[in-house]
Amino acid sequence: MRPLSARFWRQILSKVAGFFTELMRRYLPDPFVFAIGLTLLSMVMAMLVQGQAAPAVILEWGKGFWNLLAFTTQMAVILAMGYVLATAPLVDRFLDRIVERVATPRGAVIVATLVGGIGSYLNWGFGLVIGGIVARKLALRVKGVHYPLIIAAAYSGFTLYGLGLSASIPVLISTPGHPMEKLMGVIALKDTIFSTPMLLTSLAVIITLPLLNAMLHPRDPKDVTEINAQAETRAEQGSAAGGHSMGLENTLATRMNNSRLLSLVIGVCGLAYVGLYFTQGGTLDLNLINFLILFIGVLLLGTPANYVAKLNEGIKTISGIILQYPFYAGIMAVMAGSGLVDTISRVFVDIATPQTLPFWGLVSSFFINFFAPSGGGHWVIQGPFMIDAAKAIGSSVAQTSMSVMLGNAWNDLVQPFWILPALALSKLKLKDVMGYTVIMMFWVGLIYIVAMLAWGAQI
């Protein structure tokens with residue numbers, strides 16, 4: 001019996017991609033509508049499953065609506081300033097050198113996936129932005145690239161953040177004094193993201209996901225939707241003109257706006273603080289990451305005027321987050337206050353063994369992430385129950401914690417919330433790209449499931 005050819009698999013993937021793309025085009029609403037739908041669904045579930053009265057559910061929702069306001073600001077800052085850093089001249093020239101070496105549409109898709117994935121592994125905010133930027137560059141340079149696919153491919157690398165240096169749950173539980181220290185202690189990163197199974201999982205994703213994405217590229221030119229190069233060029237020219245308008249007059253104010261010395265001094269002060277912070281025993285957190293991204297960006301952009309111009313561009317990518325995150329905070333309040341998270345988790349935990357708890361943690365986290373698409377916020381409502389279960393049945397606390405993190409990162413491939421910056425950069429609609437990310441979600445899910453089952457079997 002002959003093995004199935006690569007051409008056969010490409011044809012199958014093409015048909016599957018076409019099916020999901022058409023399905024999303026017909027039935028998938030915009031992300032804000034999706035958030036409203038999830039809000040109503042969580043309320044109905046709280047009443048039907050948990051027996052909560054409607055007024056109590058409404059009160060939980062309203063009280064929780066602004067619970068994540070500080071976190072919302074942190075998310076907005078890291079994305080806007082991540083955009084500035086990713087578009088700084090030094091970084092931009094580096095990306096141009098990468099793009100210049102790519103000649104084929106499938107090669108472009110592979111490179112976009114790798115850049116988005118490696119960037120997200122280093123820092124999720126940086127990767128989320130730089131992937132979309134390099135995808136646009138590749139789409140403008142390489143003729144015949146299917147624009148919706150390359151944007152989806154760049155975004156798919158975001159799943160690696162759950163295995164990377166800014167993975168919120170492993171970083172949090174490795175920090176002395178974290179909120180659940182009394183329950184679970186401090187879990188070193190060598191037991192989570194730097195464990196051999198998780199390093200191998202990262203390698204499996206970064207090798208196979210770009211190849212899968214390349215196979216999804218349409219073979220028939222009639223099925224390819226290329227980027228509107230003329231519109232993109234006009235937009236960039238308009239942005240550049242706006243960015244230089246502050247320096248037209250030779251006044252003291254404009255000289256200060258365009259002073260390299262001011263940027264250098266304040267940038268050095270910022271980096272000096274980071275150095276002193278670590279020498280005094282400080283630990284990495286989201287605020288410090290934002291601080292570092294801000295002042296590296298100030299140094300790389302050269303002048304205050306350049307920084308402000310780029311930041312104005314970056315702010316366009318965060319409007320969806322500012323609008324939607326309060327809704328997800330409200331959903332999380334309903335889920336936690338009504339006990340829905342415990343109910344969902346218990347369905348899986350009750351059938352788990354010490355070896356399979358990480359697998360069921362992964363699956364339950366995947367579903368919960370539709371309602372709580374934030375690693376930190378997700379952990380607050382699911383973590384305590386999962387750790388109690390791990391201790392009760394003798395499962396690994398480190399593995400159980402990583403299972404929640406990976407379920408979060410897995411679901412992000414089809415959770416519309418985090419793809420908002422990529423959509424803002426690309427000017428595409430959610431329905432344009434989601435058909436592809438669904439297929440990517442199936443593949444990444446297979447890798448994560450195998451990883452959790454194999455790791456759990458070692459207990």
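Up top is the structure.
Because the structure is a prediction, the values reported are computed rather than measured. (Residues numbered from 1 in each chain as written. Predicted model: local features only at pLDDT ≥ 70, side-chain atom pairs only at ≥ 80, totals over all residues. Heavy atoms only, no water.)

*Asks:* In this structure, what is going on with the overall build of the protein chain? I would like to understand it.
*Replies:* Secondary structure assignment for the protein chain yields 23 helices and 0 strands. Since a compact globule built from 459 residues should have a radius of gyration of about 23 Å, the 23 Å found for the protein chain is in line with a globular shape. Along the longest, intermediate and shortest principal axes, the C-alpha atoms of the protein chain span 70 × 65 × 45 Å. In the protein chain, which comprises 459 residues, the share counted as buried stands at 52%. Partitioning the intrachain contacts of the protein chain with sequence separation of at least 6 by distance along the chain shows that 81% fall at a separation of at least 24. Carbon and sulfur atoms make up 67% of the accessible area of the protein chain, which totals about 20,500 Å². (Helix = DSSP H or I, 4+ residues; strand = E, 2+ residues; numbered from the N terminus. Rg over C-alpha atoms; globule rule 2.2 N^0.38 Å. Buried < 20%, exposed > 50% of the residue type's maximum accessible area, 1.4 Å probe, protein only. Contact = heavy atoms within 4.5 Å. Areas by Shrake-Rupley, 256 points an atom, 1.4 Å probe, with all protein chains shown as cover.)

*Asks:* Explanation requested: the side chain of Thr201 in the structure shown.
*Replies:* Take Thr201: it is sitting in helix 11 (residues 196-215). A residue is classified by how much of its surface remains accessible, and Thr201, at 4% relative accessible area, is buried. If we skip the residues at most four places from it in the chain, Thr201 touches Leu163, Ile447, Tyr448 and Ala451.

*Asks:* What should I look at first to understand the packing of helix 11 against helix 23 (residues 430-456) in this one?
*Replies:* Each packed pair of helices is defined by two parameters, the angle between the axes and the distance between the axes. The geometry of helix 11 relative to helix 23 is characterised by a closest axis approach of 10 Å and an angle of 160° between their N-to-C directions. Considering their axes alone, helix 11 and helix 23 lie roughly antiparallel with respect to each other. Here the hand of the crossing between helix 11 and helix 23 comes out right-handed. Note on element contacts: helix 23 touches helix 11 through Ile439, Met440, Trp443, Val444, Ile447, Tyr448, Ala451, Met452 and Trp455, opposite Pro197, Met198, Thr201, Ala204, Val205, Thr208, Leu209, Leu212 and Asn213. Residue composition of the contact of helix 11 with helix 23, grouped by class: 15 nonpolar, 3 polar and no charged. (Axes fitted to C-alpha atoms, helices over the stretch in contact; angles between N-to-C directions. Parallel < 35°, antiparallel > 145°, perpendicular 65-115°, else oblique. Left-handed = near helix turned anticlockwise from the far one by under 90°. Nonpolar A, V, L, I, M, F, W, Y, C, P; charged D, E, K, R; others polar.)

*Asks:* Looking at this structure, how should I read the pattern of salt bridges?
*Replies:* When their charged atoms lie close together, side chains carrying opposite charge are able to pair. Across all of its chains, the model carries 4 salt bridges by this definition. For Lys310, the salt bridge identified is with Glu313, shortest N-O distance 3.7 Å. One end of the pair, Lys310, and the other, Glu313, are both in helix 16 (residues 304-315), 3 residues apart, so they sit about a helical turn from each other. Overall, Glu313 belongs to the buried group, its relative accessible area being 17%. Linked through salt bridges whose partners overlap, the residues forming this network are Asp92, Asp96 and Lys137. (Salt bridge = Lys/Arg side-chain N within 4 Å of Asp/Glu carboxyl O.)

*Asks:* Teacher, can you tell me more about the packing of aromatic side chains here?
*Replies:* Both the distance between ring centres and the angle between the ring planes are used here to describe each pair of aromatic rings. Considering all chains together, one arrives at 21 aromatic pairs under this definition. Look at Phe158 and Tyr161: their rings are 5.0 Å apart centre to centre, the planes differ by 15°, and that puts the pair in the stacked class. A relative accessible area of 5% means that Tyr161 is categorised as buried. Connected via pairs of aromatic rings, a cluster forms that spans Trp124, Tyr155, Phe158, Tyr161, Tyr325, Tyr328, Phe417 and Trp418. (Phe/Tyr/Trp six-rings, centres within 6.5 Å; stacked < 30°, edge-to-face > 60°.)

Honestly, that's just the spatial picture; any functional story needs more than this.
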